[in-house]
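One-letter residues, chain by chain:
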Amino acid sequence: MDEDTIKKIFAQAFEISEEEVTDEIAYNSYQPWDSLKHLQLVSMLEEELGIEFEMDDIIDMSSYKKVREIVLKYLQKK
């Protein structure tokens, strides 16, 4: 499991190309990223990667960069 997979899932959740996914995409400044999309992203990541996030980490997912860091942390625990 690598960062490309995380990027692919993120791109699918927001219906954008993987090239458009950058560390600068953030919850508070990226229009399509609303609470519904956030839950959809979390659900897709959990399902695809076979992990279950803690609530604090779900709330902390405020940018693509942070999402990637959190997911990698969980994958290392597996």
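You'll find the structure just up there.
Residues numbered from 1 in each chain as written. Predicted model: local features only at pLDDT ≥ 70, side-chain atom pairs only at ≥ 80, totals over all residues. Heavy atoms only, no water.

Would you mind going over the environment of H38 with me for this structure?
For H38, the location among the structural elements is in helix α2 (residues 35-49). Among the residues examined, H38 registers a relative accessible area of 10% and is labelled buried. Once the C-alpha coordinates of H38 and S62 are considered, the two residues, 24 residues apart in sequence, prove to be 9.2 Å apart. Excluding anything up to four places from it in sequence, H38 contacts Y27, W33, I58 and M61. Side chain to side chain, H38 and W33 meet in a polar contact 3.0 Å long. (Helix = DSSP H or I, 4+ residues; strand = E, 2+ residues; numbered from the N terminus. Buried < 20%, exposed > 50% of the residue type's maximum accessible area, 1.4 Å probe, protein only. Contact = heavy atoms within 4.5 Å. Polar contact = N/O pair within 3.5 Å; in protein donor to acceptor, adjacent residues only side chain to side chain.)

Looking at this structure, I do not really get a negative patch on the surface. What am I missing?
A surface patch of like charges, here negative, comprises D2, D4, E18, E19 and E20. Classification of D4 by relative accessible area gives exposed; the value is 53%. (Patch = residues over 30% accessible without salt bridge, like charges linked within 9 Å, V, L, I, M, F, W, Y side chains within 5 Å. Areas by Shrake-Rupley, 256 points an atom, 1.4 Å probe, with all protein chains shown as cover. Salt bridge = Lys/Arg side-chain N within 4 Å of Asp/Glu carboxyl O. Lys, Arg positive; Asp, Glu negative; His and termini not counted. Charge placed at Lys NZ, Arg CZ, Asp CG, Glu CD.)

Quick question: what am I supposed to make of unusual backbone geometry here?
Peptide bonds are trans in most cases, and residues, glycine excluded, mostly fall at negative phi. For E15, which is not glycine, the phi dihedral falls at a positive 55°. Note that E15 resides in the loop between α1 (3-14) and α2. Classification of E15 as exposed rests on a relative accessible area of 66%.

Distances and angles like these do not, on their own, reveal function.
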